[in-house]
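# Observations on the model geometry
These are the residues of each chain, in order.
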Amino acid sequence: MFNDIGALELLTLVVLAVLVFGPEKLPKVIQDVTRTIRKIREFSDSAKEDIRSELGPQFKDFEFEDLNPKTFVRKQLMDGNDDLGLKEIRESFDLRKEMAEVTDAVNGRETAPSTGTVAAAASGAAATPDLLKKPAQPVKDERPPFDADAT
């Protein structure tokens, strides 16, 4: 909760507490605050246990931190649970191949049929166009390809 409080800020809070409550009342205020925090934690823990017992045995490993969307997504998608086949999708996606296909489509060249595997993409790496090489000039009678989306 207070992970970003530095030493100077903590010292400022202590000085303010001494000035507001005085040195005589400060120990009693600190005890009251710690007692209140302890009661709130106990109440929270008992409420969590009540909810877990009401949910039943199938939710025995349920954690309330999992209700945070970021934690839920990380746990469901990034961990070993691969019920959706996401690992295969991540491994089969080859950005170079996709960019080569887009470049070929923009330049009006035919692309090889995609097989969808990483091995095929690695073997077809020699067939990707060289983007640094100047394209061949079209024949005078031949018009360059027209892309309506680009204009």
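This write-up is about the structure you can find in this document. Source: prediction; values computed, not measured.

### Some details on the overall build of the chain
Each helix and strand counted, the chain has five helices and zero strands in total. Moving toward the C terminus, one meets the helices and strands of the chain in the order α-α-α-α-α. The buried share of the chain, taken over its 151 residues, is 7%. In the chain, once contacts between residues fewer than 6 apart in sequence are set aside, the share between residues at least 24 apart is 28%. By element, 61% of the accessible surface of the chain is carried by carbon and sulfur atoms, the whole surface being about 13,800 Å².

### Some thoughts on the pattern of salt bridges
By the definition in use, this model includes three salt bridges. One salt bridge connects Asp-32 with Lys-28, and the closest N-O pair in it is separated by 3.5 Å. Note that Asp-32 and Lys-28 are positioned in helix H1 (residues 7-55) at a spacing of four residues, about one turn of the helix. Judged by relative accessible area, which is 28%, Asp-32 ranks as partly exposed. Its salt-bridge partner being Arg-35, residue Asp-32 comes within 3.0 Å of it at the nearest N-O pair. In this pair, Asp-32 and Arg-35 are both assigned in helix H1, three residues apart and thus about one turn of the helix distant. Salt bridges here are not isolated pairs; linked through shared partners, they connect Lys-28, Asp-32 and Arg-35.

### Overview of H1
For H1, which comprises 49 residues, the first-to-last C-alpha distance of 44 Å sits more than 12% below the rise-based estimate of 72 Å (1.5 Å per residue). Roughly 105 degrees is the biggest bend found in H1, and it falls at Gly-22, with proline Pro-23 one to four residues downstream. Along H1, the residues classified as buried are Gly-22, Leu-26 and Arg-52. Just beyond H1, the residue with positive phi is Gly-56, at close to 110 degrees.

### Examining helix H4 (residues 95-107)
Spanning 13 residues, H4 covers 18 Å between terminal C-alpha atoms, matching the ideal 18 Å at 1.5 Å per step. Within H4 the residues assigned to the buried category are Ala-100, Thr-103 and Asp-104. Down the axis, H4 shows its buried residues gathered within 100 degrees of arc, on one side only. Residues of H4 that are exposed and point more than 90 degrees away from the buried face comprise Leu-95, Ala-105 and Val-106. Downstream of H4 by a residue or two, Gly-108 has a phi angle that is positive, lying close to 80 degrees.

### A word on a nonpolar patch on the surface
On the surface, Ile-5, Leu-8, Leu-10, Leu-11, Leu-13, Val-14, Val-15, Leu-16, Val-18, Leu-19, Val-20 and Phe-21 cluster together into a nonpolar patch covering about 1,100 Å² of accessible area. When you line up the elements, Leu-8 lands in helix H1. Residue classification places Leu-8 among the exposed residues on the basis of a relative accessible area of 64%.

Calculation notes
- The residue numbers shown here count from 1 along each chain, following its written sequence.
- Per-residue local features are limited, in this predicted model, to residues with pLDDT of at least 70; the limit for side-chain atom pairs, both in listing and counting, is 80 or more; totals at the level of whole chains, interfaces and linings are taken over all residues.
- By convention in this description, side-chain values take in all heavy atoms of the structure and omit both hydrogens and water.
- For the purposes of this entry, the term helix denotes a DSSP run of H or I that reaches at least four residues, the term strand denotes a run of E that reaches at least two, and both are numbered from the N terminus.
- Each residue gets one of three labels from its accessible area relative to the maximum for its type: buried under 20%, exposed over 50%, partly exposed in between, using a 1.4 Å probe on protein chains only.
- Two residues qualify as a contact provided that any one of their heavy atoms is within 4.5 Å of a heavy atom in the partner residue.
- To be clear on the numbers: accessible area is Shrake-Rupley with a 1.4 Å probe, and residue cover counts the displayed protein chains and nothing else.
- The salt bridge criterion pairs a side-chain nitrogen of Lys or Arg with a carboxyl oxygen of Asp or Glu, the two atoms within 4 Å.
- Expected helix span is given by 1.5 Å per residue-to-residue step, counting one fewer step than there are residues.
- To get the bend at a given residue, fit one axis to the seven residues ending there, fit another to the seven starting there, and take the angle between those axes.
- The arc in question is the one traced by the directions running from the helix axis out to the C-beta atoms.
- A patch is a set of surface residues, each over 30% in relative accessible area and not in a salt bridge, joined within 9 Å for like charges and within 5 Å for the nonpolar side chains Val, Leu, Ile, Met, Phe, Trp and Tyr.

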